Amino acid sequence: MGDGYCVEIKKGGVGLHSWTVKLFVLCTSMLAINGQVRYSIPEEMPKGSVVGNIVQDLGLDTKRLKTGRARIFTEGSREYIALNNDRGTLIVKEKVDREEMCGQITPCSLYYQIILENPVELHGIDVEILDINDNAPLFPDAAVKLEISEGSVVGTRFSLDNAVDPDVGINSIQSYSLFPTEHFKLNQHSHSDGSKYLEMVLQTTLDRETTKEHVLTLTAVDGGSPSRTGTVKIHIDVLDANDNAPVFSSRIYKASLSEDSPKGAVVLTVSASDADSGVNGEVSYSLAHTDNMADVFEIDSTSGDIKVTGSLDYENNKQYKLNVKAMDQGRLSDTAKVLIDVLDVNDNAPVITVMTFSDHIPENAPPDTVVAVLNVKDSDSDKNGEVRLYVDKDLPFKIKSSSSNIFRLVTDQNLDRERVPQYNITLTATDQGFSPHSTTKVLLLKVSDVNDNAPTFETSSYTAHIMENNSPGLSIFSVKASDKDTGHNARISYYLEETQMNSDLISTYVSINLESGVIHAVRAFDFEQMKELRIKVKALDGGSPPLSSNATVTIVITDQNDNTPQVLYPVKTSGSVVAEIVPRSADIGYLVTKVVAVDVDSGQNAWLSYKLQKAADRALFEVGAQNGEIRTVRQVTDKDAVKQKLTVIVEDNGQPSRSATVTVNVAVADSFPEVLSEFTDFTHDKDYNNNLTFYLILALVVVSFLFIFSVIAIISVKIYRWRQRKLYYKSTNNLPVIPYYPTMYSDGTLQHVYNYEVCGTTDSRMSDIKGMRPCSQNTLVSLSRAGTVQREQKQNDFGDISPEQKPPNNDWRLPPNQRPGPSGQHRFHTIQQRWTPYDKSRAGPLPEGAGVVAGTGPWPNPPTEAEQLQALMAGANAVSEATATMGPRYNAQYVPDYRQNVYIPGSTATLTANPQQPPQQALPPPQAMPPTDAPKAAQTPASKKKSTKKDKK
């Protein structure tokens, strides 16, 4: 609580020439901050006009206006002033007409409250509406008619009705004037209450015979700037003499009555006397023109009684002013004023207005939290208008008064939504008058939830059962927790606390649904490995901060008959036969052996029983159903076979039951050699492998797959070659075949073998030729662009070739068997041809010991087609003769295919029509061979294999 402040600001309008600021100190308030600002504005200001800046005048901040949701509260029904929160100014919302709003009441003010929230603040605003001279004086009648007897003496007075000006103060009527003034003058008088009345006084006697009618102009002038005027014409008819006018017994009459007075009640009686007699002495009474007075009061024209005809309301009008007129038959009159005071009675109940109210309050709100700010007003006065506001004592709320008619509803203690989620708050306002009136108002306040309650499980521990060998994802159990909170605070999520079980995380065994709390199995459980599973479930609500609680769930795994019995004895062996020996002299009940078996299941699933699979009519043995002991049931006879094979079935007691079998070999004999002779064939019994069929089928499938793959590969190669051959035939130009065979040297070998790589295309400009080193050196080919082979060797690669052109060799015309040249096994792989460019020699210098090169000379003319065909035929005949006499020297696959390949003379390179076939490398130079061919040795299988690989290449 602190001292507030009050500021009064007057804004000048029409007729006002200054600003007036008044500071009032010692304005106190119960609120944290409370200011009182008073503004003065002229009436009729246009909409949007600024009344004042409350931010500056109250010391507030525009940001505070927005955050506090500042707004204006008015007690009236119409809101003339509005608040601009962005600028912090008061603006005119509706044009104000002071005369319509206040009438003659001064000062005329509008009272507002500016309300701010978070925290709650109230600031009083008093806007005084200043009058402007917007109304001209107006007389009640458009014209006044008077009848004056000519016998009227000088100084006779005639009452005139005042003009009415709704304006007040200086803008009201200030003076009257009468024109002309030959016979009459105008007198202005004031009553004790300050009101004025007019009298027209006769100055000279009238002469009806001279002038029967006089017309005067009465003008009323107000004090505005500029001033406004109102006029009325007075028509005077001159009558014969009626010498005396009525006279009231008092100039002012006063009376008072309560506002609840019934209709017809007499307020007072006025009286006037007339000195005349007879008809001229008869007086009649009437009410002069008053605003809306005829609806409230009336006067008896004969008796002068003033009565109530309408309803009185102290709150609307506290005093009535009546003008009473007394007139005789001679039209002479007198006026008097009647003042009627209305007394207040307690006829209004208090009115409760909610200025601000929060219908939700958090349950953790501290005491003294403001819930609502209320305005309680009683239109009555004095004690009748004093009000008190009460709230039910059983509720955790109380009332604090901020001012005479503003109250705050605050919390009195801590709230608990879980106990009481909402309150119906009944407020009762009572005045202090006689027979007091009261008003009630009910506020519905809901308590907002805060997260103050943790989720709770139905019990702290649960036990669930699940059968082993369950399917993953199976629902095991469902836990449920409840939260007393609501909304998000009561939205519960379920989690598993990560712990380890058998070195694995618990989440690898089970999972829980986040929303429903259903626990699912993640894997299949095995009772033999784990008997039970203990997990912790956490229930977490959605509050902030969240609260949680835990519960323990024990999952008991139930055994299932999923394991067959296991025979521990006798032990099964794969390679040898174990037999139990029973002497022929064995008595009944002789214990042969005992079958020992176990079942890893538990309970009745592990209860084992034993029986023989096939029991003959004259069975020699029996097995104990419970202990598995095999005993004799009779004496051994000579008819009993030595070899006895018993099949024992071990069966558990599960549903369905599982069983295992074991074979027990029993020998009925007295000596070991006898047993041995009988059981030798046991070891030789062949147990066929059950997997033999599988391996046979697998081998058949593999062989079939390889066969199909080979067929597909052969067909693909055939198609590929056929397409290449077809592409070659479609070529526009075929290169000519110029066979040439090198000359023969003395030792039967060539001096050098040169390789020439030629890339030819249908476009001769893209062709390229390359001379290589002798075959003893490495040959590297580089592709620089598609379709051509660039020359990678320098010019000195042909340094050992003579620049002179040698004479031609005509040996190419000879058959191959008569043509000199190299011989040996290299001839089986290729036909070496020589070709000499125009500017190069055909062969280099001879090595030491070489023979003389014959047939040198100029290059011959190109052979004709007939000569080429003759050479080919001769070569074929030579091949056939050589094959017949010396064995296979050439194979058909080594005969040049002149349709697809072009063999260049003097080179081992081959041009092919297949663009995808890589260029063939030159063969290494042949070694020197003796002149005579020695017969070849017989080929070994290894050499044949190598030869086959070479042939394929």
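Only a predicted model underlies this, so the values are computations on that prediction, with no experimental measurement involved.

A. Here's a closer look at the sheet that holds strand S18 (residues 252-258). The four strands lie next to each other as S18-S25-S24-S21, forming an open sheet whose pairing is mixed. Looking at which strands have only one partner, the edges of the open sheet turn out to be S18 and strand S21 (283-287). Going from strand to strand, the sheet's axes swing by 25° on average, the running direction of each strand aside.

B. Region of the structure containing the side chain of Gln-644. Residue position: Gln-644 is located in strand S52 (residues 643-652). Only 3.2 Å separates the side chain of Gln-644 from the backbone oxygen of Ala-641, close enough to count as a polar contact. In this view, Gln-644 contacts Phe-621, Val-664, Asn-665, Val-666 and Val-668; residues no more than four positions away in its chain are not counted.

C. Spatial organisation of the state of the cysteines. This structure, assessed with the given rule, holds one disulfide. For Cys-102, the disulfide goes to Cys-108, at an S-S distance of 1.8 Å. On the sign convention where negative means left-handed, the S-S torsion of about 60° between Cys-102 and Cys-108 marks this disulfide as right-handed. Exposure remark for Cys-102: the relative accessible area of 17% places this residue in the buried category. For Cys-108, a relative accessible area of 2% translates into the label buried.

D. Structural detail: the packing of aromatic side chains. Applying the stated criterion across every chain, the model contains ten aromatic pairs. A ring pair is formed by Phe-158 and Phe-184, whose centres lie 6.2 Å apart and whose planes are at 70°; its orientation type is edge-to-face. Linking Phe-158 in strand S11 (residues 157-160) with Phe-184 in strand S13 (residues 184-190), this pair joins segments that are 26 residues apart in sequence. An identical accessibility class is assigned to Phe-158 and Phe-184; each is buried. Among the aromatic residues, ring-to-ring pairing joins Phe-457, Tyr-462, Phe-477 and Tyr-494 into one connected group.

E. Molecular detail of the sheet that holds strand S10 (residues 143-149). The strand order across the open sheet formed by four strands is S10-S16-S15-S12, and the pairing between neighbours is mixed. Each of the sheet's edge strands pairs with one partner strand only, and the pair in question is S10 and strand S12 (173-179). Across the sheet, the axes of successive neighbouring strands diverge by a mean angle of 25°, strand direction being ignored.

F. A look at a nonpolar patch on the surface. A surface patch of nonpolar side chains, amounting to about 770 Å² of accessible area, comprises Phe-694, Tyr-695, Leu-698, Val-702, Phe-705, Leu-706 and Phe-709. Looking at where Phe-694 falls in the secondary structure, it is placed in helix H5 (residues 692-729).

G. Expanded view of the environment of Thr-219. Note on placement: Thr-219 falls in strand S15 (residues 213-222). A relative accessible area of 17% means that Thr-219 is categorised as buried. Separated by 80 residues in sequence, Thr-219 and Phe-139 place their C-alpha atoms 9.3 Å apart. When neighbours within four sequence positions are excluded, Thr-219 is seen to be in contact with Phe-139, Ser-175, Tyr-176, Ser-177, Thr-229, Gly-230 and Thr-231.

H. Region of the structure containing the pairing of strand S16 (residues 229-239). Residues Gly-230, Val-232, Ile-234, Ile-236 and Val-238 of S16 are buried on one face, while the alternating residues Thr-229, Thr-231, Lys-233, His-235, Asp-237 and Leu-239, pointing to the opposite face, are not. Where S10 and S16 come together, seven bridges link them in parallel fashion. For Ser-149, the partnering residue across the bridge sits in S16 and is Leu-239. Here nine bridges tie S15 to S16, and the two strands are oriented antiparallel to one another. Counted as the bridge partner of Val-215 is His-235 from S16. Following S15, the chain reverses through six residues before pairing antiparallel with S16.

I. Quick look at the confidence of the model for the protein. Across the protein, the average pLDDT comes to 75, with 69% of residues at or above 70. Mean pLDDT across the secondary structure elements of the protein bottoms out at strand S2 (residues 20-28), with 32, and peaks at strand S42 (residues 518-521), with 95. Segment residues 735-757: pLDDT under 50, and 106 contacts once partners within four positions in sequence are set aside and those in other chains are kept. Per-residue pLDDT stays below 50 along residues 761-808; that stretch engages in 108 contacts with residues further than four places along the chain or on separate chains.

J. Geometry of the pattern of salt bridges. Considering all chains together, one arrives at 22 salt bridges under this definition. Glu-199 serves as the salt-bridge partner of Arg-251, at 3.9 Å between the closest nitrogen and oxygen. With Arg-251 in the loop between strand S17 (247-248) and S18 and Glu-199 in strand S14 (residues 196-202), the pair connects residues that are 52 residues apart, well separated along the chain. A salt bridge links Arg-534 to Glu-532; the nearest nitrogen and oxygen atoms lie 3.5 Å apart. Shared partners join several salt bridges into a network, and the residues in it are Arg-157, Glu-199, Arg-251 and Asp-334.

The rules behind these values
- Residues numbered from 1 in each chain as written.
- Predicted model: local features only at pLDDT ≥ 70, side-chain atom pairs only at ≥ 80, totals over all residues.
- Heavy atoms only, no water.
- Pairing = 2+ DSSP bridges.
- Helix = DSSP H or I, 4+ residues; strand = E, 2+ residues; numbered from the N terminus.
- Axes fitted to C-alpha atoms, helices over the stretch in contact; angles between N-to-C directions.
- Polar contact = N/O pair within 3.5 Å; in protein donor to acceptor, adjacent residues only side chain to side chain.
- Contact = heavy atoms within 4.5 Å.
- Disulfide = S-S within 2.5 Å.
- Buried < 20%, exposed > 50% of the residue type's maximum accessible area, 1.4 Å probe, protein only.
- Phe/Tyr/Trp six-rings, centres within 6.5 Å; stacked < 30°, edge-to-face > 60°.
- Patch = residues over 30% accessible without salt bridge, like charges linked within 9 Å, V, L, I, M, F, W, Y side chains within 5 Å.
- Areas by Shrake-Rupley, 256 points an atom, 1.4 Å probe, with all protein chains shown as cover.
- Salt bridge = Lys/Arg side-chain N within 4 Å of Asp/Glu carboxyl O.
- pLDDT = per-residue confidence, 0-100.

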